[in-house]
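# Breakdown of the fold
What follows is each chain in one-letter form.
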There are 2 protein chains.
Amino acid sequence: MGKVKVIEIQCGIYERNNQVAAELRSELKNEGVCLINLMSSPGSGKTSTLLKTLAALKDEMKIGVMEADVDSDVDAEAVSELGVDVLQLHTCGACHTDAEMVTQCVKELGVQGKDLLFLENIGNLICTAGYDLGQNKNVLILSVPEGHDKPLKYPGMFEVVDLILVNKIDVMPYFDFDLEKFRQYVRKLNPKASILPISAKTGEGMQPWFEWLRKEVAQAKG
Amino acid sequence: MGKVKVIEIQCGIYERNNQVAAELRSELKNEGVCLINLMSSPGSGKTSTLLKTLAALKDEMKIGVMEADVDSDVDAEAVSELGVDVLQLHTCGACHTDAEMVTQCVKELGVQGKDLLFLENIGNLICTAGYDLGQNKNVLILSVPEGHDKPLKYPGMFEVVDLILVNKIDVMPYFDFDLEKFRQYVRKLNPKASILPISAKTGEGMQPWFEWLRKEVAQAKG
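Everything quoted here is computed from the prediction, not taken from an experiment. (Residues numbered from 1 in each chain as written. Chains lettered and ligands numbered in written order. Predicted model: local features only at pLDDT ≥ 70, side-chain atom pairs only at ≥ 80, totals over all residues. Heavy atoms only, no water.)

### A few points about the nonpolar core
Counting 87 residues, the largest nonpolar core has Ile164 and Phe182 of chain A together with Ile164 of chain B as its most contacted members. When residues no more than four places from it in sequence are discounted, the contact partners of isoleucine 164 of chain B are Leu140, Leu142, Phe158, Phe182, Val186, Ser194, Ile195 and Leu196 of chain B. (Core = buried A, V, L, I, M, F, W, Y, C linked by side-chain atoms within 4.5 Å. Buried < 20%, exposed > 50% of the residue type's maximum accessible area, 1.4 Å probe, protein only. Contact = heavy atoms within 4.5 Å.)

### Looking at empty space enclosed by the protein
Under the counting rule described, the total for this entry stands at two cavities of 30 Å³ or more. By volume, the largest cavity amounts to about 70 Å³. Taken together, 15 residues form the lining of the largest cavity, with Ser143 and Glu146 of chain A together with Gly43, Ser143 and Glu146 of chain B sitting closest to its centre. Its residues assigned to classes, the lining of the largest cavity comprises four nonpolar, seven polar and four charged. (1 Å grid on protein atoms, 1.4 Å probe; cavity = no way out; pocket = protein on both sides within 12 Å on 5 of 7 lines; lining within 4 Å. Points joined across faces, edges and corners; volume = space filled by probe spheres on them. Nonpolar A, V, L, I, M, F, W, Y, C, P; charged D, E, K, R; others polar.)

### A look at the sheet that holds strand β6 (residues 163-167) of chain B
All names here are of chain B. Judged by pairing direction, the sheet is parallel, and its seven strands sit side by side in the order β3-β2-β4-β1-β5-β6-β7 without closing on themselves. The open sheet has two edge strands, β3 (85-90) and β7 (194-197), and neither has a second partner. Strand-to-strand twist in this sheet, taken as the mean axis angle between neighbours without regard to direction, amounts to 20°. In the sheet, strand β2 (residues 63-69) pairs with strand β4 (residues 116-120) via five bridges, with the strands oriented parallel. (Pairing = 2+ DSSP bridges. Helix = DSSP H or I, 4+ residues; strand = E, 2+ residues; numbered from the N terminus. Axes fitted to C-alpha atoms, helices over the stretch in contact; angles between N-to-C directions.)

### Quick notes on helix α4 (residues 99-109) of chain B
All names here are of chain B. All buried positions along α4 are accounted for by Ala99, Met101, Val102, Thr103, Cys105, Val106 and Leu109. By the N-cap criterion, in which a side-chain oxygen at the helix start approaches the backbone nitrogen of a residue two or three places on, α4 is capped by aspartate 98, the distance to glutamate 100 being 3.1 Å. Backbone geometry just after α4 places glycine 110 at a positive phi near 90°. (Polar contact = N/O pair within 3.5 Å; in protein donor to acceptor, adjacent residues only side chain to side chain.)

### Overview of the confidence of the model for chain A
Residues and elements named next belong to chain A. Looking at chain A as a whole, the pLDDT averages 91, with 94% of positions reaching at least 70. In this model, residues 1-10 is a region of pLDDT below 50 whose contacts with residues beyond four sequence positions or in other chains number three contacts. Across the whole predicted complex the pTM is 0.89, and at the interface the ipTM reaches 0.84. (pLDDT = per-residue confidence, 0-100.)

### Some thoughts on the side chain of serine 143 of chain B
Residues and elements named next belong to chain B. Here serine 143 is to be found in strand β5 (residues 137-143). Exposure remark for serine 143: the relative accessible area of 2% places this residue in the buried category. Within the local environment of serine 143, its side chain forms a polar contact with the side chain of glutamate 146, the two groups lying 2.6 Å apart. Contacts of serine 143, omitting those with residues within four sequence positions, involve Ser44, Asn167, Lys168 and Phe177.

### Some points on the packing of helix α2 (residues 46-57) of chain B against helix α8 (residues 206-221) of chain B
All names here are of chain B. Packing of α2 against α8 leaves a shortest axis separation of 11 Å and a crossing angle of 70°. Compared by their axis directions, α2 and α8 come out roughly perpendicular. Classified by chirality, the crossing of α8 by α2 is right-handed. Contact with α2, carried on its side by Thr49, Lys52, Thr53, Ala56 and Leu57, involves Met206, Trp209, Phe210, Leu213 and Arg214 of α8 and no other residues of that element. Its residues assigned to classes, the contact of α2 with α8 shows six nonpolar, two polar and two charged. (Parallel < 35°, antiparallel > 145°, perpendicular 65-115°, else oblique. Left-handed = near helix turned anticlockwise from the far one by under 90°.)

### Here's the deal with the interface of chain A and chain B
A common way to express how large an interface is: the accessible area buried when the components associate. The interface of chain A with chain B comprises 37 residues on the first partner and 37 residues on the second. Between chain A and chain B, roughly 2900 Å² of surface is buried when both sides are summed, and carbon and sulfur atoms account for 65% of that area. There are two salt bridges connecting chain A and chain B. Between chain A and chain B we count eight residue pairs in polar contact (both at pLDDT 80 or more) in total. When contributions to the side of chain A that touches chain B are tallied by element, the ones reaching two or more residues are α1 (2-31), α3 (74-81) and α5 (150-153) of chain A. Of the residues belonging to the side of chain A that touches chain B, the class tally is 19 nonpolar, seven polar and 11 charged. (Buried area = accessible area lost by both parts, 1.4 Å probe. Salt bridge = Lys/Arg side-chain N within 4 Å of Asp/Glu carboxyl O.)

### Describing the sheet that holds strand β7 (residues 194-197) of chain A
All names here are of chain A. Spatial strand order, β3-β2-β4-β1-β5-β6-β7: seven strands in an open sheet with parallel pairing. Strands at the two margins of the open sheet, each flanked by one partner only, are β3 (85-90) and β7. Averaged over neighbouring strand pairs, the angle between their axes works out to 20° when direction is ignored. Summarising the sheet, strand β1 (residues 34-40) and strand β5 (residues 137-143) pair through five bridges and their orientation is parallel. Each bridged residue has a counterpart across the sheet, and for serine 40 the counterpart in β5 is isoleucine 141. α3 rests against β2 (63-69), β3 and β4 (116-120) of the sheet, and its axis sits at about 165° to β2. Most of the contacts of helix α7 (residues 179-189) go to β7, to which it runs at about 160°, and overall it touches β5, β6 (163-167) and β7.

### Topic: unusual backbone geometry
Residues and elements named next belong to chain A. The residue lysine 168 is not glycine, and still its phi comes out positive at about 65°. Structurally, the position occupied by lysine 168 is in the loop between β6 and α7. Residue class for lysine 168 comes out buried when judged on its relative accessible area of 12%.

### Description of the relation of the copies chain A and chain B
Copy one and copy two of the chain differ by a rotation about an axis and a translation along that axis. In screw terms, the move from chain A to chain B is a rotation of 180° and a rise of 0.0 Å along the axis, fitting with an RMSD of 0.0 Å. On this basis, the relationship between the two copies can be described by a two-fold rotation axis. Comparing contact sets, 100% of the residues at the interface of chain A also lie at the interface in chain B, consistent with an isologous, same-surface contact. (Least-squares fit on C-alpha atoms with pLDDT ≥ 70 in both.)

The structure is reproduced here in structure tokens:
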């Protein structure tokens, strides 16, 4: 009985969330701002990938960052040291961000004059995938040590992603990660998702990711 | 407004959950069965650690395994190949297991004659930590590639664990994992939590973990 109640109420929440997300998406479109929702498991390298990306692109476009965390400000501090506008969002224990939280953050950061906004979502392969946040694209970071079988276990995430960055390819020799099998698993769930192998640590494969971002930013400008 | 409603209803859910968990705990105590709730991020090595553990202990005690997954049966099949009783629990998209789900699984598996039950929980460092499942102990697997800063980001998990297995220590040379810093971060949140470094792959450090389990099983027998 209790469980059924949760589902009913969550439907209401999703409906409300989708309305708010649609409003944010429309506002960002009017302003020509691209919003990227960056998701991953804990410890896949969201922050290090983001820091390298900001360092590479911050002089050619105006970027803003929203750091969602259950707690702690360590990521926001690292971003701010690069001279990039950043806002820390504490979810106070919640396992996901919703469109209302992101809308508040976008307002706080300010969209005028911005080209690209990143939301570094909470490290979670389940709950974060369930919410439309008004983003242009969903980017997932999946790291080599996590294994190539993750699409089988977390299909909901792999169904909603536009781009997957396979991170930590520098440690590929020490793990049994089969990139071809991973591609096959992803393709079955989501034939349109792109896959780019990268190492945020060594910089390998980062250029195609930057190119992908440049195209998204250009497309958002219309 | 929507958000406040969720919180009110979730309080109700937690209360109901805690009642069911208390009932299960009492039933397991009467039967002298030890229930271990095994949690981690996606890809930390829950299944490989569990498989090595079952192979080592299955001839000296009667073990049952509950595999919780959003989807897929791959882990359950691997356990069953070892000749250990296993039950697959599909949460159908949900990000956590609750006491009612676990109670159903325990009934299905049967407790009579069992010494040790494992629940391999869903790969998630946030939602799984919030539910009492009637377990004797919470065990967290945190793998070296995830980084030593995870207690700062997912404090709710580290506050509720009894034992942390730091897995994948065989790849320690390729990552910047500082075990001493990790110990300090954990100690601040949870001074009572034990920490055991292991490699499920090479078998290093596994004996102290087996010893810990033997003690828990003996304690549950009373």
